[in-house]
Amino acid sequence: MNGAGGGFWAQVKNAGSAIYANRLYLSLFRSRHPERLATNSPDNPSIIGDVRIHPTAQVDSTATLGPNVYVGPGVIIGEGARVKEAIVLDRAEIQEHCCVLHSIIGWDCVLGAWSRVEGHPSDPNPNDPLGRVYSESLFNKEGRLNPSITILGQGVHVQSERMVLNSVVLPHKDLSLSFKNQILL
């Protein structure tokens, strides 16, 4: 993992690799720029592990973030929300009591209150000295989508109290139903 400059190199072949690369990047912040990571304090959300919150993001003090979370510019995270192992891109809104696990939330997405967006972790084998994320086929032998992280494209709106599990959602979709193991075109 370590490169010549003491940094890291991570091969990103699939979306699950992006979550792992985010984890590596945040750990680099911890060792070289800890001031860039969020910390626990009475007026801030509960922080677990390495979390980067852009200064323009608004995160409610009752939310819990981490480990391994990036929150981009202009993001709004509501009260009681839980975000873990995720990348939340610019101007996304995660309303109150949402749960986001092992997912990438695209630009300008809106997750309604009490919605759940969850993917399947695709971490590397800790016993593998190369520590790489193995790239499985998108589909199994039966033609079904293999479990992976969930990705919401730009401008996706998930209605309140809906679940999106192990799915890929292309941009500008309005989800009024729950989905599992789907690619939504």
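Up top is the structure.
Residues numbered from 1 in each chain as written. Predicted model: local features only at pLDDT ≥ 70, side-chain atom pairs only at ≥ 80, totals over all residues. Heavy atoms only, no water.

(A) Structural context of the overall build of the chain. In terms of regular secondary structure, the chain is built from one helix and 18 strands. Counting the 185 residues in the chain, one finds 41% classified as buried. Partitioning the intrachain contacts of the chain with sequence separation of at least 6 by distance along the chain shows that 26% fall at a separation of at least 24. On the chain, roughly 9800 Å² of surface is accessible, and the fraction owed to carbon and sulfur atoms is 51%. (Helix = DSSP H or I, 4+ residues; strand = E, 2+ residues; numbered from the N terminus. Buried < 20%, exposed > 50% of the residue type's maximum accessible area, 1.4 Å probe, protein only. Contact = heavy atoms within 4.5 Å. Areas by Shrake-Rupley, 256 points an atom, 1.4 Å probe, with all protein chains shown as cover.)

(B) Molecular detail of the packing of aromatic side chains. All chains considered together, the criterion is met by one aromatic pair. A centroid spacing of 4.9 Å and a plane angle of 50° characterise the contact between Y25 and F29, whose relative ring orientation is tilted. Of this pair, Y25 and F29 are both found in helix α1 (residues 15–32), four residues apart, which corresponds to roughly one turn of the helix. The partly exposed category is assigned to Y25, whose relative accessible area is 43%. Judged by its relative accessible area of 9%, F29 is buried. (Phe/Tyr/Trp six-rings, centres within 6.5 Å; stacked < 30°, edge-to-face > 60°.)

(C) Focus on α1. Here α1 contains 18 residues, and its C-alpha end-to-end distance of 26 Å stays within 8% of the 26 Å for a straight helix at 1.5 Å per residue. For α1, the set of buried residues is G16, S17, I19, Y20, A21, N22, R23, L24, L26, L28 and F29. Buried residues in α1 make contact with β2 (51–53), β5 (69–71), β7 (82–88) and β9 (99–105). (Expected span 1.5 Å × (residues − 1).)

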